[in-house]
Amino acid sequence: MALKIVKGSIDRMFDKNLQDLVRGIRNHKEDEAKYISTCIDEIKQELKQDNIAVKANAVCKLTYLQMLGYDVSWAAFNIVEVMSSSKFTYKRIGYLAASQCFHEGTDVIMLTTNQIRKDLSSPNQYDTGVALTGLSCFVTPDLARDLANDIMTLMSHTKPYIRKKAVLIMYKVFLKYPESLRPAFPRLKEKLEDPDPGVQSAAVNVICELARRNPKNYLSLAPLFFKLMTSSTNNWVLIKIIKLFGALTPLEPRLGKKLIEPLTNLIHSTSAMSLLYECVNTVIAVLISLSSGMPNHSASIQLCVQKLRILIEDSDQNLKYLGLLAMSKILKTHPKSVQSHKDLILQCLDDKDESIRLRALDLLYGMVSKKNLMEIVKKLMLHVDKAEGTTYRDELLTKIIDICSQNNYQYITNFEWYISILVELTRLEGTRHGHLIASQMLDVAIRVKAIRGFAVAQMAMLLDNAHLLTGNTQRNGICEVLYAAAWICGEFSEHLEDPMHTLEAMLRPKVATLPGHIQAVYVQNAAKLFATVLRKQEGAPDSQAAQETSQLLIDRLPLFVQSANLEVQERASCILQLVKYIQKLQQKDVEVAEEVSALFAGELNPVAPKAQKKVPVPEGLDLDAWINDPPSESESEDEKPKAVFAKEEPKHTRPRHPEVDEKELARRREARKQEQANNPFYIKSSPSSQKVYQDAPGVEHIPVVQIDLSVPLKVPGMPMSDQYVKLEEERRQKERAEKKKKEKKKKREKRGRGKKGDSGPESEEDITPAHQVDIVTEEMPENALPSDDDDKDPNDPHKALDIDLDKPLMDSEKLPVRTHRPEVLKSPAEDGDGEPAQAEPKKRSSKEKKEKKKDKDKDRKKSKEEKKKKKHKRDAEPEEPVEEQMEEPVQSEASAEVAAPPTSTPTEEVEPTPPETTSTPETTSAAAPESEPEEPKDTEPEETKSSKHKKKKQKKEKEDKEKKKKKRHHHHHHHSDGAGDESVQNGTVEEEEPLPPMSNYCLLAENSYIKMVCDIQGNLQDGSQVVVSVIFENKSDCFLKSMEFNVLDSLNSKLQRPEGAGPHDGLTVPFQLPPGVSNEARFVFSVQSIVMPQKLKGTLTFIVKSEDSSTHEKLDFKLHFTCTSYLITTPCYSDAYAKLLESGDLKASSLKLEGVNMPFHHLLARICFHHHFSVVERIDSCASMYSRSIQGHHVCLLVKTSGETVSIDAKCDEPSLLGNVLEEIKQTFSRC
Amino acid sequence: MIKAILIFNNHGKPRLIRFYQYFAEDMQQQIIRETFHLVSKRDDNVCNFLEGGSLIGGSDYKLIYRHYATLYFVFCVDSSESELGILDLIQVFVETLDKCFENVCELDLIFHMDKVHYILQEVVMGGMVLETNMNEIVAQVELQNRMEKSESTVWVFFPFFCLFVCLLQGGLSAAPARAVSAVKNMNLPEIPRNINIGDINIKVPSLSPF
């Protein structure tokens, strides 16, 4: 044996440790994967050994492998094992591994609850620390709920090391279990003023995180933070607080006003750049939140901008970057003060650091105005030329387009310039934004009518030079531009100077190399061009030309007919046939041009991007209903769906009836104008521009004539757009001169009035667009719904933390405390036994009340039924010696109310110990409603407590009365409509004979001193807990004290012991028993598997104290956990029940009982009572019943009776659980 | 909040990864690769902030990094953290490593990933800054190491004890030799500390240390 141990430990020496593993991996560079897989095999072997050191070593290595990307979740259980080692060294390894690879989906996490709780309460602060650190990484909602209270206690730990960790982790707990926020918040707030700076900073950290997401709930903390800000010297804390204020000020402008001064002081005084920067940021936030009318704030803005300029000019790239970042925030509200630093920002465009350039670009976006747009874009175009690397160039390209197109082309005064910019951009090689340019071209050409002529000319040129663009045929490449070009040329072909030339360009064989969708547009628009050409040529005397054009198409189109792209093919063959037909007609000298162009007549208007979505569904229209009856087979197939359309919308088929259409159009236009006039968002061509248009140089001056269209696209030297910049300058100067003249005139007329405008730079409004910018608004459906886009992410975990923290804490919000008396539990016998000689109605009421509390959500009828049963029960237990009860009124009251912690009973001198002996959530809430609510172990003076008791009692009584009333009402109601189809709950049928008394309490053990009866129930709130209520009854004449309840844990079931207790320690029963008295205690067991019944051996030790002597006694018992005790009465509605059965996930089983001689409703009541089922539906002698296990298994029964035979068909998703439950049902009935 | 802390070398080999939000292992590796790709192509004299990679949360997050000799220290943070503050934090962390490992080098991180984790745990917890005072961090780490040592003293002598028992029993002829070599292995040859983190004491210009 000794040898074996020795051998084992020697072997251990040969195990690889982490360093060996790392070294090995480094030595196997070529076959690393193979080497690691052998290592993993070794690790698997090591994990199988019993030695915890070996296991810990293996887990440590796994942590390393996890970093390399290997999934180690298979070892999760071993990690838990290592975590639960008593040695810090191994524990730390275990927690580290857990924090690296556990997550919410890890199922073994639920096994860790007790281990973590134990570690949290460990006397060694580092055990606690390690547990907190680990927990912060893998906390789940379940863990958060179960441990919230423990962690909250740690927030007041004596060691600051633990305190700060506990405070920090609370944030994670809040996220996972938002209910804990309100009860924990007062203490968190307290920690803001903790003497230890680390704890303080942690608290600030947590509250800042919370407040950032839901700032309005934290406004009340502003004064406290203000105090901290002015007193703290810790820069970390200051930064956090200042950041927090930045989030708060938008909600409370008064706060902002107060902040300005201390913040400016800090800005002036601090030497830490990080603090300075955050101050500036917050000042900006304050200024944004304040109405801009405040005069004295320009000084603050100046200060900020000036400080930011220093940052931007700094040689440190980081400061430069942040300076630009903050600058962009000022820009939003005070663009003027930033615009004066345009030089600096343009300088940053030349920076070698890409992030800085991008930031500068962002700034430029906000800095453009009508005045400087051309200049800025010109600079950007220069950068585009210079830029190396496609990403940055693409970024520049998108920025240029963004800048120009922002706010519906607000800043563009000359669209010709813009078109030429776009055309210039097409020269960019390798860009991935061809699509973007194309859509801009389309957008501008469609929406700015005045520009169409120019745009078409430019596009024709592009088409002509298509070979320059086709080099890059990748998706979204620059060739996308041709899509726009072809479409614009086709659609607005009337503006083309030489349509024939363009037509030829579009039918070049090279086109076939373009992507399919572009070819399709080519073909379609070639047809449009063809129509235009025909019209022109037919008007001319030379009719031969028209026929030649047709021939051209007939020659060229077959190329497209052969295209691999279906759409190209389809369009081409369609048009080819059309042209052939036209040619035939032409040969007969028929005039066709009019009809051909009618094919493409009509104007396309832009449609707003969301228009489709916003079409309201007309009243009475059911989108899911069939429009026509579904086609029956008799209907002939040859009626094509087209016909349906034609019938429905006849005007679409013959759209070229000019009169009808014109009228209709006019009417609509009128309506639209009306609407647009009322729509504040519609950009109207401003009256000023209208006016200017009339007296400005006018359209004749548009420099189209100056551009030689035959110039190749790549103009060496000056790009085209530059000409516009010059021209624009000239135009503006002219305009200005004209204005001045006018101004002078005006001045002469009205002297001393208008002084503005003649000095200083021209203001925004003075610049007028070169041509009428009649931007056609995008069409929206009439009566479109207002925008209702909800951008908020419904899955945001922080949403749940939007909790009002100023409301006083309510009892129901207490944090769950580990307890032996979960509130959902009911124990029918408990008050029957302990009830003092109180008046009967009171007894009942208190019980009812409890009943009420317990199953608030359960059916009322059910509780009533239970009450009835209990009454019977009480009657059936005559052995209570009444006088002796009288001696202990307080104590029994305590038990009766499930209220007072035993520590408060005046007769006792029991130590106020572990939380689990004291408190149900009910208990604590009742005991200390006004005091610090999160103190579960609060030990108040007994007097106050008892007085509170009284108060509470009175209140209870009142409530009871009300409830009784309700109940009665309900009862009547039930009687009155007691129709047969209403489902009968829990076998309650009032008309039938009363049920025999029933009790679930069974004898646990008995000797001459004491008798123990117990009831076992599942805990609804925790899927792995079972609560055992044990009634201890003193049968002797002696005083029984120091009772200790202990159970030998099995692998599957464990008694939950208080933190710090060893696995074999017993639990102190929280009361003493005077002679003849009985009382109840509850013990919580955690269970892993619930599919099998099991037995646990246990011992009760106690001291028997008679007048002259005291002896130590013990009593052994066997706790029997039946499968029934894992079931919880759960109501189920019949439809849900039916669905469950239909789902087919359940396994079936059945049972036959012979010779059952009892009424059916008794039978049902028995099953309900003893086996925790509820009746879903009962029809005559057949009933369906339902129950759920604590782990969520569904158990469904169908009980039928005929004569003395009862057959039970059962279904459950866990067959072995079902088998055991049926077996137990059988036993129940065999007993009677 | 800090979303992730990544340490990798100039070749993108991870030396320590610490995610404060769950990602599956393959995703973690992708993030490392992406981050390395973003960070490694930047010159040393450009700013230390990067708009976050696409994998790790997009534009809400920033990558804040420092490059020391062969190692990149990258923190992925959201907008609630001060950028300059995090830069200082990285500095604090690295200086702490330097103190704890006495002149830290990449090899220390390679062979003692667990210890680096333990140090990091004293600086950042669950994505939030826990402690910024270097002396306090070092003190806590030392105390824990001392505790670990006190636990392991028994085990240090255990091999000798085993050897002794083996010899006494006279059995297991092979065992003594193996045990001796095991004991030898306890004194690992000095790991060469050739790869030093260079200018460990560079200070952020014009930043007052916290």
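The structure we're discussing is the one just above.
Residues numbered from 1 in each chain as written. Chains lettered and ligands numbered in written order. Predicted model: local features only at pLDDT ≥ 70, side-chain atom pairs only at ≥ 80, totals over all residues. Heavy atoms only, no water.

Visitor: An account of the environment of Met147 of chain B is needed here, citing residue identities and associated values.
Guide: Along the polypeptide, Met147 of chain B turns up in helix 5 (residues 134–169). Excluding residues within four positions of it along the chain, Met147 of chain B makes contact with Phe88, Asn124 and Tyr126 of chain A. (Helix = DSSP H or I, 4+ residues; strand = E, 2+ residues; numbered from the N terminus. Contact = heavy atoms within 4.5 Å.)

Visitor: Tell me what's going on with unusual backbone geometry, and back it up with residues and numbers.
Guide: Its identity as a non-glycine residue notwithstanding, Asn407 of chain A has a phi of 50 degrees, on the positive side. Residue position: Asn407 of chain A is located in helix 23 (residues 390–409).

Visitor: For the side chain of Thr96 of chain B, give the residues involved together with the corresponding values.
Guide: Residue and element names in this part refer to chain B. Position of Thr96 relative to the elements: it lies in helix 2 (residues 83–101). Of the residues examined, Thr96 reaches a relative accessible area of 0% and is grouped as buried. One polar contact links the side chain of Thr96 to the main-chain carbonyl oxygen of Val92, over a distance of 2.5 Å. Excluding its chain neighbours within four sequence positions, the residues that come into contact with Thr96 are Ile119, Met134, Ile137 and Val138. (Buried < 20%, exposed > 50% of the residue type's maximum accessible area, 1.4 Å probe, protein only. Polar contact = N/O pair within 3.5 Å; in protein donor to acceptor, adjacent residues only side chain to side chain.)

Visitor: Before we move on, could you go through helix 30 (residues 516–539) of chain A and cite the residues and values that matter?
Guide: Counted at 1.5 Å a residue, the expected span for helix 30 of chain A with its 24 residues is 34 Å, and the 35 Å between its end C-alpha atoms agrees. With 19 of its 24 residues buried, helix 30 of chain A lies for the most part within the structure. (Expected span 1.5 Å × (residues − 1).)

Visitor: So what about the pairing of strand 2 (residues 14–19) of chain B? Which residues, and what values?
Guide: Residue and element names in this part refer to chain B. The buried count for strand 2 comes to 6 of 6 residues, which makes it a mostly enclosed element. Bridge count between strand 1 (residues 2–9) and strand 2: 5 bridges; the pairing is antiparallel. Paired with Leu6 across the two strands is Ile17, which belongs to strand 2. Here strand 1 folds back onto strand 2 in antiparallel fashion, the turn holding 4 residues, of which Gly12 has a positive phi close to 85 degrees. (Pairing = 2+ DSSP bridges.)

Visitor: Can you break down the sheet that holds strand 4 (residues 62–68) of chain B residue by residue, with the values?
Guide: Residue and element names in this part refer to chain B. Ordered by their spatial adjacency, 5 strands build an open sheet running 2-1-5-4-3, and the pairing between neighbours is antiparallel. A single partner strand is all that each edge strand has here, and the edge strands are strand 2 and strand 3 (49–51). Averaged over all pairs of adjacent strands, the angle between their axes in this sheet comes to 20 degrees, without regard to strand direction. Most of the contacts of helix 4 (residues 113–123) go to strand 2, to which it runs at about 40 degrees, and overall it touches strand 1 and strand 2. (Axes fitted to C-alpha atoms, helices over the stretch in contact; angles between N-to-C directions.)

Visitor: Help me get a handle on the packing of helix 23 of chain A against helix 25 (residues 434–447) of chain A, residues and values and all.
Guide: Residue and element names in this part refer to chain A. It is the contact of helix 23 with helix 25, at a shortest axis distance of 11 Å, that shows an interaxial angle of 25 degrees. If you check the angle between helix 23 and helix 25, you find them roughly parallel. Considering the relative orientation of helix 23 and helix 25, their crossing is left-handed. On the side of helix 23, the interface is formed by Leu397, Thr398, Ile401, Ser405, Asn408 and Tyr409, while helix 25 contributes Leu436, Ile437, Gln440, Asp443, Val444 and Arg447. Classifying every residue of the contact of helix 23 with helix 25 by side-chain character gives 6 nonpolar, 4 polar and 2 charged. (Parallel < 35°, antiparallel > 145°, perpendicular 65-115°, else oblique. Left-handed = near helix turned anticlockwise from the far one by under 90°. Nonpolar A, V, L, I, M, F, W, Y, C, P; charged D, E, K, R; others polar.)

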